[in-house]
Amino acid sequence: MLSPSGVRALSALLALSGSVAAAVPESARTVQTILAGRCVACHYAGGGQAGLSLASLGDALRGGSSGPAIVPGNPTASLLLQRISGPRPAMPPVGEPLSDKQVDAVARWIKAGAPGVDSAGEDPADAWWSFAPLNRPSVPADGGGWSRNEIDRFVAAKHSEMGLRPAPEADRTTLIRRLSYNLLGLPPSPEQVRSFVEDSSSGAYERLVDGMLASPRYGERWGRHWLDVVHYGESHGYDKDKARRNAWPYRDYVIRSFNGDKPYARFIREQIAGDVLWPADPEGLIATGFVAAGPWDYVGHAELREGTKDKQLARLLDRDDMVAATMSTFTSLTVHCARCHDHKFDPILQADYYALQAVFAGVDRADQPYFDDPEVHAKGRDVWRKMRKAHEALARIEAQMAEATSDEISRLDKRSEKISQQVADSLPKVGEVDTEESIALRTALGKESVQVKTRRNELALARLPVPTQEEHEALTLEIESLESQLGALPGRRTVYSAATYFEPYGTFTPAWSPRPVHLLAKGSVEAPLERALPGAVSAVAGLAARFGTDSRSDEGSGRAALAAWISDSRNPLTWRSIANRVWHYHFGRGLADSPNDFGRMGSAPTHPELLDWLAVEVRDGGGSLKRLHRKILLSATYRQASSERSGQRATDAGNRWLWRMNRNRLDAEAVRDTLLAISGQMDLSMGGPSAEQFVFKDDHSPVYDYAHFDVASPAARRRSVYRFLVRSVQDPFMESLDCADPSLLVPRRSSTLTAVQALALLNDPLVIESSRHFADRMREGAPDLASQVERGIRLALGRDASDEETSLLASHGRQHGLENVARLIINSNEFLFVD
Amino acid sequence: MPTDNVAPTRRRLLQAWGGGLGWIALAHLLRRDAGASGGQSEGLHHPAKARRVVQLFMSGAASQCDMFDYKPLLIERSGQPFDPGGKVELFQSSPGPVMPSPWDWAQHGESGKWMSSLVPHLAGCVDRMAFFPSMVSKSNVHGPATFMQNTGFTVPGFPSMGAWISYGLGSLTDQLPSFVVLPDARGFAPNGPSNHSAGFLPAQHQGTMIRAGRENAIHDLFPPRSADFVTPASEQAGLEVLEQLNRVHMADRPGDSRLAARIEAYEMAARLQSTAPEVLDVGGESQATRQLYGLDDPITADFGLRCLTARRLLERGVRFVQVWSGADNGFPRRNWDSHEDLLTDHGMMGRSMDQPAAALIHDLGSLGLLEDTIVYWTTEFGRMPCSQGAKGRDHNPFTFTSWLAGGGVKGGTVYGASDEWSYKAMDNPIHSYDLHATVLHLLGIDHTQLTYRHNGIDRRLTDVHGHVITEVIS
């Protein structure tokens, strides 16, 4: 871990050595900011007004239907300057004209020859590695005969450049333990180890890899990585951290997708807009659990009144979470840095950020009905859409009703207020016990409240025009009929996902049409500028940055367009991002060591050509991740031993150039699952509602009590990926092992070694319980202490015990019991680290 | 993990508390070892006036205008319509009439600070306190606002102040964690333990929760009752065997400092096992001390025990202790969120907090610790000067009061002012950023320099804001 100052120095160094970007002159950035703030809303990339995009300076030079907008060196001949200057400038058509200072900045920049735009009209962003178009690099020649495949030839080229030599291949017991944890998150069984070590036929390693990739445990392991990245959690977070008991279908979708090797482009599109793109497929809706995965401010959405500043703020932050999660996950960009101003380091405009917010302006996070049978699902969703339409019409009439007045109506309104007051007054105070009297009073008041409100609405409706009254009646009947149609469909289930329609609760109601999104000066809801329309990042060459869809009438079109934009084969960020993530989880570090930040403040890749080669492999290989795994796992690079050699260490102590394998600490899930596996306690059933490994007490703010959970109960035996994930309070055992905080996008786990962690591994009730069962398993078929110890080492560490170990542990077992031996093995360094 | 050649033993020791303490913290500890700190501690960026912090957090929003922010106008206009000019937007209700505090006001100390009779003990400390009656919250909702006072952000996932200070300054002891949290016995505040998380900072900086007065005060500190096979003898022998196993394993794997760090983590764990019970046992405290903190009065006993525990932790080198007054916003009321009945609910919370908080100031003072310990009292926002439903007060994000006392704080001062209603901050409005910046400054930290890169941004406790309030620094 580096200190703050160390990180800064390092990134500065990388920027010097790794950067291929031309410096962007200050004047160009200023102009870019002006255009982004005032022009790009209409003149967006790929379809702006008058065929002109001002989304990048290169676009300005290319011009529109009237010709180039700028003529470098000649301000007066530049259309852009003509339009924005003068006593009554033509542009922008709405709002204040540009200030003299802004016009002057544009004029001076053009006069100076429009620096930052080269003659071809290319944008400076093209020069940054992650934005550069993605082409398959040529593979270096095989040097020393070490290489097994293309990956090794890229790695070997760096070795010879740096004067490094690769490590020898690890032995088979090491390889199978490494593979097993890496692909399945579980230790290999002693039988698996023996059969692999003894298999002298050719292709033994390949068969092992293929077998593991085909195991359902693979999807559980790699699905969990994905859930880190998308910050999947099962409670809302914040105050009143309510449980989300219907989030799990998305978790199962992720696991299924990995196991089924779903093409990556499809995986992307389903998660962002599956409900829109595959309306008849339940999988499409479930996948949008991605959009809903993050935290949600219950009070802000469901308790604050419409029109308050805090309500606006809650919605702004909710969309911000969706935008940040989408773009970090799929493109490794930090667009959320552009909420208050243009991105300080990367070619991401504030206008781009709000264009992305506009994409999500009509969706909320809520429970949705779905059906496993696609035919029923299609019917059910059709009914759901009709219900939405009817409710929308009804909401319009109800708004009129709320406005209606008469003496009697205001009398009833006053009575309603009084009732709420009486209810509040009858609640017990601190130290008081609720009396039957006041409970009875509240029940009576509750009944009266319903009567008063019903009467009030009847009176209000009667004051509206007759056709409106009739429409109200018809709509009410229609909704009833639709509800019973939906209820009659078999196999209804529920998923917490993206939602444009849902059962309202409190003040949380659907957006009947997408909520207007405006550019916000300094990100403040109190300083709205132009309205933003759906789009993405302007700096990606060849892709239209404004979608031209009118999200005001068609919510889904914006999400569908973003899904297409991200999954486009021409989007270089997407393919580099996933290739880098996969590499990261195989080696413990990405080729670019900032998997969520491919910008200038992230880490440049150590092997840029290799990263590009892998990215093209995924993109052009049908988006198959299993194919990519196989390529990586079969490489000589992956098969290296992890041992250090002092000569190499002096050159590259951090192993950036991969002259050995990294030794990695087991993550929280692998530790917990291993405890269950070696003690014979694991329940391998897949999917379904999450295992609640706490005592739940519902309340104003629900209580999740881990301390009183019974670790011997069935819920304790499920694999860790099926744990119920609470945001406000995490499982302390898992937290001590750096499990992902579901409130954070976690592209990379920390790997700490703390005293608190040592205490958890010594004393947590789960470890105690596991030690007991592990000891029982050691005893199975082993007649004496020595053979019991040997069996324990084989189960937990996947190798044969040495004589010294056996005698040391057997002697400890003789004095203190085999359970204590079991607990020691669990606490050993070898248990926690994988060579 | 990068390794280095400086003081390997010391470095590994620190890693045992967290697998990689920041360089700055390492440098600090090395300086401490070298005896450079003497009486006055050194700061990270400039000389420090304080070394430790105890934060008292009033959950649910404690009312400024019933304790610290005296407004004669409320008494004058009692029962009249609340009309401060402009639209009044409340969290839950429509504004009721002006409601003066049910408690009396009087001036105290040499500074003549007005305090209400709800906090008579704190009234005796005013000359040691600096008040901030013009605090403003960015949110009017408990969850986001509580995050903001703790982390500087209104969304979950950010490190709390204690974690930042632990990250910046490291530990003053190798026996105890650097950041300890003492939650209210009735439960967690809104947002739960994520209020004191390390966020994206390394895990060792997160608040270690101590449930003072409970059997298992620290989670997993000792084996559970179910561990009948663990005995003192097996424990001692087992740790030796474990170390032997680990040393054999390590011998085959030279150059990996994590393997040694983990061995030391177990030694550290053993030290915590022997230290913690002694620290948490207040049985040896004198009767006078028990009385000072109100341990024998059921109203003050819980907060009193935790304030006393905080003092014992600070004495032994814990860097940052956070003590909570109040749990979540449920019913019956168990925190400061007095929408329904201010007299009853604030009456209870105020009484339970006042004496122990004042005791902490006095006690730290008489032990000589107050000169380099900051006492930082805060809440997530304030309450309205008008009534809600006749007897309660709704949320007020526009003005509320925090106060500081102790290390480097100029006592008897007031910075900023609210308007004549205690409705909106008027003179020198400040946010959590400014108070956080000021506390960091007193600890020798430049708040703009204490950063950590996460998801593309150099994050700070103070986001892109924060001004040190030099007026209250002695």
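Engineer: Now, about the overall build of chain B: what can you tell me, with residues and values included?
Structural biologist: Looking only at helices and strands, chain B features twelve helices and 16 strands. A compact globule built from 474 residues would reach a C-alpha radius of gyration of about 23 Å, and chain B, at 23 Å, matches this within 12%. Dimensions of chain B, computed from C-alpha atoms along their principal axes, come out at roughly 80 × 45 × 40 Å. In chain B, buried positions account for 61% of the 474 residues. Partitioning the intrachain contacts of chain B with sequence separation of at least 6 by distance along the chain shows that 74% fall at a separation of at least 24.

Engineer: Describe the sheet that holds strand 12 (residues 413-414) of chain B, naming the residues involved and giving the relevant values.
Structural biologist: By definition, the strands of a sheet pair up through backbone hydrogen bonds, in either a parallel or an antiparallel sense. Residues and elements named next belong to chain B. A sheet is described by the order of its strands in space; here eight strands give the open sequence 6-5-7-1-8-11-4-12, paired in mixed fashion. The strands lining the two open edges of the sheet, one partner per strand, are strand 6 (208-209) and strand 12. Together, strand 1 (52-58), strand 7 (320-325), strand 8 (373-379) and strand 11 (400-406) form the strand contacts of helix 11 (residues 342-366), whose direction differs from that of strand 8 by roughly 165°.

Engineer: Help me get a handle on the pairing of strand 4 (residues 129-135) of chain B, residues and values and all.
Structural biologist: Residues and elements named next belong to chain B. Where burial is concerned, most of strand 4 is hidden: seven out of the seven residues are buried. Taken together, the five bridges between strand 4 and strand 11 define a ladder with antiparallel strand orientation. Bridged to F132 within strand 11 is S402. With two bridges connecting them, strand 4 and strand 12 associate as parallel partners. In the sheet register, A130 faces strand 12, and the bridge partner there is T413.

Engineer: Could you give an account of unusual backbone geometry, naming the residues involved and the relevant values?
Structural biologist: Residue and element names in this part refer to chain A. Between M91 and the following residue, P92, the backbone shows a cis peptide bond with an omega angle of -10°. Structurally, the position occupied by P92 is in the loop between helix 4 (79-84) and helix 5 (100-111). You will see that D261, though not glycine, has its phi angle at about 50°, which is positive. Its location among the elements puts D261 in the loop between helix 11 (248-259) and helix 12 (264-277).

Engineer: So, the environment of B:T231: which residues are in play, and what are the values?
Structural biologist: The residue B:T231 is located in the loop between strand 6 and helix 7 (232-251) in this model. For the pair B:T231 and B:D297, spaced 66 residues apart in sequence, the C-alpha separation works out to 38 Å.

Engineer: Hey, could you go over the nonpolar core for me, with residue numbers and the actual values?
Structural biologist: A:V335, A:A579 and B:V321 are the most contacted members of the largest nonpolar core, which has 332 residues in total. Per-element accounting of this core gives the leading share, eleven residues, to helix 8 (residues 257-280) of chain B. Setting aside anything within four residues of it in sequence, one finds B:V321 in contact with B:V54, B:V180, B:L182, B:A310, B:L313 and B:L314.

Rules behind the numbers
Residues numbered from 1 in each chain as written. Chains lettered and ligands numbered in written order. Predicted model: local features only at pLDDT ≥ 70, side-chain atom pairs only at ≥ 80, totals over all residues. Helix = DSSP H or I, 4+ residues; strand = E, 2+ residues; numbered from the N terminus. Rg over C-alpha atoms; globule rule 2.2 N^0.38 Å. Buried ≥ 20, exposed ≤ 12 C-beta atoms within 10 Å, placed from the backbone. Contact = placed C-beta atoms within 7 Å. Pairing = 2+ DSSP bridges. Axes fitted to C-alpha atoms, helices over the stretch in contact; angles between N-to-C directions. Core = buried A, V, L, I, M, F, W, Y, C linked by C-beta atoms within 7 Å.

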